[in-house]
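Summary of structural features
Here is how the chains run, residue by residue.
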Amino acid sequence: MEPTSPQQPANRRPQRHNRRSSRPFNAGSRPPRPRTDRPQPGAAPQGERPRHPQAKRPHGRPEAGGQPRNRKNNRNNQRRRPDKAPALTHRLNVSDQKTPVIPEILDEDTVRIITVSGCEEIGRNMNIVETKDDIIVIDAGFAFVSEETGTPGVDYILPNTQYLEERKDKIRAMVVTHGHLDHIGGIPYVMERIGNPPIYTQYLTSLMILKRQEEFPQMEPIDMKVIKEGESFTVGKTRIKTFRVTHSIPDAMGVCVETKHGDVVITGDIKLVHEDGKVVVAERQSWEKVGENKNLALLCDSTNSDRAGFSTSEAKVYETLENIIKTVSGRLVIGTFASQFDRLISVIETCEAVGKKVVMEGRSIKTNIEIAIQAKMLEVKPDTFIQPGDIDKYPADRVVILSTGAQGEEFAALMRMATDKHKNITLNERDTIVLSSSVIPGNEIAVQKLKDNIYRKNVKVINYQGSHVHSSGHGNAGELVWVHQTVKPTFLIPVHGHHYHLKSHMFAAIENGFPRDHVVVPDNGSIIDIKNGTEIIKHTVKAPNELMLVDGFTVGNKQEVVLRDRLSLASDGMFVIIATVNSKTGKLRKSPDIISRGFIYLRENQQLLSEARILIKRTVEKQTERMNPIDLDQVKDEVTNVVTQFLMQRTQKNPMVIPVLIGI
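Criteria and thresholds
- Residues numbered from 1 in each chain as written.
- Predicted model: local features only at pLDDT ≥ 70, side-chain atom pairs only at ≥ 80, totals over all residues.
- Heavy atoms only, no water.
- Helix = DSSP H or I, 4+ residues; strand = E, 2+ residues; numbered from the N terminus.
- Buried < 20%, exposed > 50% of the residue type's maximum accessible area, 1.4 Å probe, protein only.
- Contact = heavy atoms within 4.5 Å.
- Areas by Shrake-Rupley, 256 points an atom, 1.4 Å probe, with all protein chains shown as cover.
- Core = buried A, V, L, I, M, F, W, Y, C linked by side-chain atoms within 4.5 Å.
- Salt bridge = Lys/Arg side-chain N within 4 Å of Asp/Glu carboxyl O.
- Pairing = 2+ DSSP bridges.
- Axes fitted to C-alpha atoms, helices over the stretch in contact; angles between N-to-C directions.
- Polar contact = N/O pair within 3.5 Å; in protein donor to acceptor, adjacent residues only side chain to side chain.
- Parallel < 35°, antiparallel > 145°, perpendicular 65-115°, else oblique.
- Nonpolar A, V, L, I, M, F, W, Y, C, P; charged D, E, K, R; others polar.
- Phe/Tyr/Trp six-rings, centres within 6.5 Å; stacked < 30°, edge-to-face > 60°.
- Lys NZ or Arg CZ within 6 Å of the ring centre and 35° of its normal.
- Arc of directions from axis to C-beta.
- Left-handed = near helix turned anticlockwise from the far one by under 90°.
- pLDDT = per-residue confidence, 0-100.

So, about the overall build of the chain. Each helix and strand in the chain was counted, giving 16 helices and 28 strands. A total of 664 residues make up the chain; the buried ones form 53% of that total. Contacts spanning at least 24 positions in sequence make up 72% of the contacts within the chain whose residues lie at least 6 apart. Per element, the accessible surface of the chain, about 32,000 Å² overall, is 48% carbon and sulfur.

It is worth spelling out the nonpolar core at this point. Membership of the largest hydrophobic core comes to 63 residues, with the highest contact counts inside it found for Met 174, Ile 187 and Ile 199. No other element matches the 6 residues that helix α8 (residues 341-354) contributes to this core. In contact with Ile 199, other than residues within four places in its own chain, are Met 174, Val 176, Ile 187, Met 191, Ile 209, Ile 222, Asp 223, Met 224 and Lys 225. One finds Leu 296, Leu 480, Phe 491 and Met 506 within the second-largest nonpolar core, a separate group that totals 51 residues.

You can see Val 483 is positioned in helix α12 (residues 477-487). Taking relative accessible area as the criterion, Val 483 reaches 1% and is therefore assigned buried. Each C-alpha atom of the pair Val 483 and Leu 298 lies 9.6 Å from the other, and the pair is 185 residues apart in sequence. Residues contacting Val 483, with those up to four places away along its chain left out, are Ile 270, Leu 272, Trp 287, Leu 298 and Lys 488.

Counted according to the given criterion, the structure contains 28 salt bridges. For the salt bridge of Asp 529 with Arg 112, the shortest nitrogen-to-oxygen distance reads 2.8 Å. With Asp 529 in strand β22 (residues 526-531) and Arg 112 in strand β1 (residues 110-117), this pair connects stretches of sequence that are 417 residues apart. By relative accessible area, which is 2% here, Arg 112 ends up buried.

Our focus in this paragraph is the sheet that holds strand β9 (residues 232-235). In spatial order, the strands read β9-β10-β11-β12-β15-β21; together these 6 strands make up an open sheet with mixed pairing. Of all strands in the sheet, those with a lone pairing partner are β9 and β21 (491-495), marking the two edges. Each strand of the sheet is rotated relative to its neighbour by a mean of 20°, with strand direction disregarded. As defined by bridge partners, β9 adjoins strand β10 (residues 238-244) across 4 bridges and the pair is classed as antiparallel. Residue pairing across strands places Thr 234 opposite Arg 239, the latter belonging to β10. Running over the sheet, helix α6 (residues 281-291) touches β10, β11 (253-259), β12 (262-266) and β15 (295-301) and is turned about 160° from β10. Along the sheet, helix α13 (residues 499-511) contacts β15 and β21; its crossing angle with β21, the most-contacted strand, is approximately 150°.

Before going further, it helps to examine the sheet that holds strand β2 (residues 126-130). The strands that make up a sheet pair up through hydrogen bonds in the backbone, lying either parallel or antiparallel. If you trace the 8 strands from one edge of the open sheet to the other, you get β8-β7-β6-β3-β2-β1-β22-β23, paired in mixed fashion. In this open sheet, the two edge strands, each paired with only one partner strand, are β8 (224-226) and β23 (535-542). Here the strands of the sheet are splayed against their neighbours by 20° on average, with no regard to which way each runs. Relative to strand β7 (residues 199-201), strand β6 (residues 171-175) is paired through 2 bridges, and the arrangement is parallel. Bridge assignment links Val 175 to a residue of β7, and that residue is Tyr 200.

Note: most peptide bonds trans; most residues except glycine with negative phi. Backbone geometry at Asp 251 places phi at a positive 60°, although glycine is not the residue there. Structurally, the position occupied by Asp 251 is in the loop between β10 and β11. Among the residues examined, Asp 251 registers a relative accessible area of 25% and is labelled partly exposed.

Moving on, we get to the environment of Thr 242. Relative to the helices and strands, Thr 242 is located in strand β10. For the pair Thr 242 and Cys 256, spaced 14 residues apart in sequence, the C-alpha to C-alpha distance is 6.1 Å. What Thr 242 contacts, discounting residues up to four positions off in sequence, is Ile 227, Lys 228, Glu 229, Gly 230, Glu 231, Phe 233, Met 253 and Gly 254. Only 3.0 Å separates the side chain of Thr 242 from the backbone nitrogen of Gly 230, close enough to count as a polar contact. A polar contact is formed between the side chain of Thr 242 and the backbone oxygen of Glu 231, at a distance of 2.8 Å.

Attention shifts here to the packing of α6 against α12. Two elements in contact, α6 and α12, have axes separated by 7 Å at closest approach and are oriented at 45°. When the axis of α6 is compared with that of α12, the two are oblique. Across from Arg 284, Trp 287, Glu 288, Val 290 and Gly 291 in α6, the residues of α12 making contact are Trp 482, Val 483, Thr 486 and Val 487. Of the residues that constitute the contact of α6 with α12, the class distribution is 5 nonpolar, 2 polar and 2 charged.

Take the packing of aromatic side chains next. Applying the stated criterion across every chain, the model contains 6 aromatic pairs. Grouping aromatic residues by their ring pairs yields a cluster made of Phe 142, Tyr 156, Tyr 189 and Phe 216. Between Arg 167 and the ring centre of Tyr 163, over which it is positioned, the NZ or CZ distance is 3.8 Å.

With that settled, the discussion passes to α6. The set of residues buried in α6 consists of Glu 283, Ser 286, Trp 287, Val 290 and Gly 291. Buried residues along α6 cover an arc of 145° about the axis, so they all sit on one side. Across from the buried face of α6, at angles greater than 90 degrees, the exposed residues are Ala 282 and Lys 289. Buried residues in α6 make contact with β10, β11, β12, β14 (278-279), β15 and α12.

Here the focus is the packing of α12 against α13. Between α12 and α13, whose axes approach to 10 Å, the crossing angle comes to 60°. Here α12 is positioned oblique relative to α13, judged by the angle of their axes. The handedness of the crossing between α12 and α13 is right-handed. Residues Ala 477, Leu 480, Val 481 and His 484 of α12 pack against His 505, Ala 508 and Ala 509 of α13. Here the residues of the contact of α12 with α13 sort into 5 nonpolar, 2 polar and no charged.

A word on the confidence of the model for the chain. The predicted model of the chain averages 82 in pLDDT, with 80% of residues at 70 or higher. Per-residue pLDDT stays below 50 along residues 1-97; that stretch engages in 151 contacts with residues further than four places along the chain or on separate chains.

Only one face of β9 is buried, namely the one carrying Phe 233 and Val 235, since none of Ser 232 and Thr 234 on the opposite face is buried. Counting the residues in the hairpin turn of β9 and β10 gives 2 residues, including Gly 236, whose phi is positive at 60°.

The following block contains the structure:
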């Protein structure tokens, strides 16, 4: 991503824009072609007057008969960026001070675990298990942006794969635990960067990954290896075992990576099937089989670790929704996650049983129902689904609408219904809305806005706080402790959650007998080495963990200039100066034009504008008075400095000042 403005305010001068290249550089595309019209050293650029003979002299020393060079101009030239944009990621040398040196694994008695991302946050899950010879990557999700990330205008946030890119010759496989976007969303963006390793996952997850790949036809085909839960396979010198887990999506699995001193167990996202806190036989047997192995470390889901006891059973949710579908008197709208396959299937089957028609609203719901039908998870009659435009052809109490948008997304179907922006559906007081989802951390404000808009329609609302219409796919603290005690790992590494989730997980484990010195709470990028199966070390050095962003067609690391400019424009606005300068005399040909957006209302600040114009004219003509040839770039810098200080003194605001000087 390149900066969006041609000039920075004074306090941002070290981050000047590259004026010769306004197009963002994409690591997935060809590098910029070298310019063929660039002059040779010492030659004047085509169409320009020859520069002063001292221009190339170092340290401001003139040639014979010349004048001393302007030292300020020399400093400004040194600040300018190179013509070519750097690669988004690169292999760093030992001397590179931006990234600390990470020691390599040199013996077979060391197992390295890296929590690339998914700690300190909900989303973009990726973990690494590394031995002397092999690297196994677990999941590659993305996260949606929020105000807290400080990334305005960005589409998604990806795991930072620089560590993997520098060691792609060791990567043997990527294992994907299940099909939620926070575990598969980053795959299209990172696979080519890490060498396109084979992907091992179950059938439904493979269909979801391949469906997303259709949106990226330019990429190389994925080497997809479909496996079944409970199967084992070997990549490189490493044997990997899988086991069934329960989550809010089918085909979820856990992973055991065998090492010399025991297995590294990665649960993925989990909950337990139980009846009033007693784990059912099939679920218990699956985990007990994992516990029969020598388990070195457990990387365990922490999302609901701050909630005591056991979570609500999904069977209660099915029972509650079935009762609502059968008894509701008017039109029914069910807002839920599109990835809740089992819940969607249960609703559709119940509707068929009672003779109701189903309307699918939202692209992701339609896509996932198609995948469920393709995977033979669902069989429906041809007339079960109807189009939104045909709703009025049926009695209101015979229509059920499955909708996305329960998290308050602005353009999702449910919000459009609530704000009267939906083309075919207008809510009324005879409707019933079921919010069959909990609030994802960070979405509280958006969900509250959705609720307010819905309640303005006087519809009846049923949510998880007053009825069993939703059950989380993540286990509470009681379930996690049960997993620890059944798997019996030597070391525990809580993952998947904000830091308070991870710490809550740690405290729950310690309170139930897990040794404190055998629990390591990681951050994003934490490097954890286990030596000889007995010693665990959390290194102070971290793997590169700078945010990797998807911004339109550009994928790259967080360039502070661009994002800071967006935040500055949002908070303080912009002040654009357009002036025409006589290239020979350096005088302004007319009074400068001024454009203000998001800063001040021009009609009410004529005195300020008059003073600014006088100041701009004086600054330009003073700078060009003894300049030969005239360097408009240097003049722009000075105008930016002077006007920024002036506006701060007069308004106590710091808008982005953008001078546009045109030489004629």
